[in-house]
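# A closer look at the structure
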Amino acid sequence: MLRVSAIEEYEKYSLGKVLFILTILLLLILAAGIAVTLGSYPIPFFKVYSILIEHPNSVEGRIVWFLRVPRVLMAIIAGSALACAGAMTQGILRNPLATPYTLGISSAAGLGAAIAILYLGSYAVIPNAFVFSLIPVFVILAIAKMRGATPETMILAGIAMLYIFSAVTTLLMFFANPEDVKEIYFWIVGDLGKASWKAILPTFASLAVCFILLFWKTWDVNVIMIAGDETAKSLGVNPERLRIFVMLISSFLTASIVSFTGTIGFVCLVAPHICRMIIGGDYRYLLPASTLFGGLLLLTCDTIARTVMAPIVLPVGVITNCLGGPMFLYLLLRRRREYW
Amino acid sequence: MRIRIRELEFEYNSIPALKGISIDIGEEFVAIVGPNGSGKTTLLKCMCKILKPKKGVVMLNGRDINDLSQMEIAKRIGYVPQNVSGTFPAKVFEVVLTGRRPYIGWKCSRKDLEKASEVLRVLGLEELAMRDFDTLSGGQQQKVLIARALAQEVEILLLDEPTANLDLKHQLEVMELLKSLTRKGVTVITAIHDLNLASMFADRIVMMRDGEIFAIGTPKDVVTSDNVRAVYGVEVRVLEVDGNRIVVPLA
């Protein structure tokens, strides 16, 4: 009898995961290539590519170069960053519902944006949202220092923060004039319409640095997920320190995206789950897979949001929820084994 | 002496759990017995720095474990927990591979894969390598957790009731496996409820009561009807069958 050794089986299994990641990468490139050719202003497919090469200073040239390309890139960066942060947060908090938003980041950013819109002027929206979104992180950090960085403490503290910040935002909106309320509301829903070259560089830099830092910790996340906190210690991993490190990096990454785009939801929850159902929970593969898949998902949704009712551009958050929700339910019903 | 414990004290929210434990353990098979809440698990966890004692020292090969990093301890002491529930779906091979964490920097090497595979082969678990851990039987899961500790290449193995929830055959299999490890020079320290199994396999038995060591010595010296009455409050007769001590509770 020909016996396949455990190593060979395992390597075959790992190879499958690598192929999945490469497939997603390929699809992402393909989707980006198609997305730049679509939009409410009709420009023929090949014309778009000649524009990309030649950079003409025509109306079409400017539409492609200053509207579509940054928007496509921003969709990829934002989707990737949110999915990356979401996957890690679910892991360290050992909770399938956890996202960076569970830690209060979204509502804090919302309050920061609201204050800027109401009192400071639009130039302050991005920095103010960013600064505010880091407040819950430091509050949770302080609580974790006092009471221990257990998943329960961190989630409950985050949820409490979420309610506090939303309440203050609601209060501000209650006394604001209708125009401002509308602006705040649209900010909170999240949108890629403000994508510009100026936003691409800082968000991409944040994604690249944070991804590397998080990827470095994927082994340890595997250990605390498979072994649990106590046994993880006996394997040389400090679960509390790991949890705080990952929370800080994921929160920073989320904050740097959300302050540009508003709180685009669901990608950070759904993308990691879909990948987990397909390739399993080993974070060494799950993290890159989720990151790329998040980019693909948000890009697809945004392209639909731009084209489905053109010239009206729907908020991308609406499409992610409408598409991601059913897709998620379908996979939940179809899965053959427990994956969480 | 591999492990030297002196005047070890531990409290859970100022309720004392260990009250001045001192033991020396060498290359041997030690069973820690005692009623629920007597401090067996706490003692094991203090030995590998999962818990930090309030007072006292644990010396590992002559060095205070407080001076060693968790990673350095993980290369010498393996811990096999009792409770395996609440873990995440993972392949058996992946579970065993986490035992290589102390040796893996960032990427696991060929050697790590080989070690994991070798351990699975030695324990007869190779066929299960790509099965989901949570679909295994209790006995198989227990063996996989022991396999992980072996993949850690440790000289000291701490186990928390490895035979709980196992049928008779698996209980004996696990105990025999542990015994064979002691023959290879591994120190095995296990918390265990079954006095008969403890007497059959252990070189020494530590009997605990209320966070203190009540008796320590060979099974013959420790497992006596007087000790069992004093520690468990149960009347028993201790018989000897084929050189093994058998504890029979009296109705």
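Heads up: these notes are all about the structure in this document. Keep in mind that this is a model prediction, so the values were computed, not measured.

### Observations regarding the overall build of chain B
Secondary structure assignment for chain B yields nine helices and twelve strands. Expressed along its principal axes, the backbone C-alpha trace of chain B runs to roughly 55 × 40 × 35 Å. Every one of the 251 residues in chain B was classed for burial, and the buried ones make up 56%. Within chain B, contacts between residues separated by at least 24 positions form 64% of all contacts whose residues are at least 6 apart in sequence. Side-chain charges in chain B split into 34 positive and 33 negative, and the spacing between the mean points of these groups amounts to 4 Å.

### Considering the interface of chain A and chain B
The partner chain B presents 38 residues to the 31 residues of chain A that form the contact. The junction of chain A with chain B conceals about 3300 Å² of combined surface from both sides, 64% of it contributed by carbon and sulfur atoms. Our count for the contact surface shared by chain A and chain B stands at four salt bridges. Glutamate 230 of chain A is paired through a salt bridge with lysine 45 of chain B; the nearest N and O atoms lie 2.6 Å apart. The interface formed by chain A and chain B holds seven residue pairs in polar contact (both at pLDDT 80 or more) in total. Mapped by element, the contributors of at least two residues to the side of chain A that touches chain B are helix 1 (6–35), helix 9 (197–216) and helix 10 (218–234) of chain A. Residues of the side of chain A that touches chain B, tallied by class, amount to 15 nonpolar, four polar and twelve charged.

### Here's the deal with unusual backbone geometry
All names here are of chain B. With phi around 60°, serine 14 is a residue other than glycine that occupies positive phi space. Within the element layout of this structure, serine 14 appears in the loop between strand 1 (3–12) and strand 2 (15–25). Here glutamate 153, not a glycine, exhibits a phi torsion of approximately 50°, which is positive. As for its position among the elements, glutamate 153 is in the loop between helix 5 (138–151) and strand 7 (156–160). With relative accessibility at 35%, the residue glutamate 153 sits in the partly exposed group.

### Some remarks on empty space enclosed by the protein
One pass over the structure, following the stated rule, counts one cavity of 30 Å³ or more. Put simply, the largest cavity is a space of about 50 Å³. Tyr10, Trp219, Asn222, Ile226, Asp282 and Arg284 of chain A together with Glu94, Leu97 and Thr98 of chain B together form the lining of the largest cavity. Secondary structure elements with two or more residues in the lining of the largest cavity: helix 10 of chain A together with helix 3 (92–97) of chain B. The element best represented in the lining of the largest cavity is helix 10 of chain A, accounting for three residues. Of the residues that constitute the lining of the largest cavity, the class distribution is four nonpolar, two polar and three charged.

### Considerations on the side chain of arginine 276 of chain A
All names here are of chain A. Inspection of the secondary structure assignment puts arginine 276 in helix 12 (residues 267–279). Buried charged residue arginine 276 carries no salt bridge. Nearest counter-charge: aspartate 282, at 10 Å. Within the structure, the side chain of arginine 276 is placed 2.9 Å from the side chain of glutamine 90, a separation counted as a polar contact. Those residues in contact with arginine 276 that lie beyond four places of it in its chain are Ala87, Gln90, Gly281, Tyr283, Leu286, Tyr339 and Trp340.

How each quantity is defined
- Residues numbered from 1 in each chain as written.
- Chains lettered and ligands numbered in written order.
- Predicted model: local features only at pLDDT ≥ 70, side-chain atom pairs only at ≥ 80, totals over all residues.
- Heavy atoms only, no water.
- Helix = DSSP H or I, 4+ residues; strand = E, 2+ residues; numbered from the N terminus.
- Buried < 20%, exposed > 50% of the residue type's maximum accessible area, 1.4 Å probe, protein only.
- Contact = heavy atoms within 4.5 Å.
- Lys, Arg positive; Asp, Glu negative; His and termini not counted.
- Charge placed at Lys NZ, Arg CZ, Asp CG, Glu CD.
- Buried area = accessible area lost by both parts, 1.4 Å probe.
- Salt bridge = Lys/Arg side-chain N within 4 Å of Asp/Glu carboxyl O.
- Polar contact = N/O pair within 3.5 Å; in protein donor to acceptor, adjacent residues only side chain to side chain.
- Nonpolar A, V, L, I, M, F, W, Y, C, P; charged D, E, K, R; others polar.
- 1 Å grid on protein atoms, 1.4 Å probe; cavity = no way out; pocket = protein on both sides within 12 Å on 5 of 7 lines; lining within 4 Å.
- Points joined across faces, edges and corners; volume = space filled by probe spheres on them.

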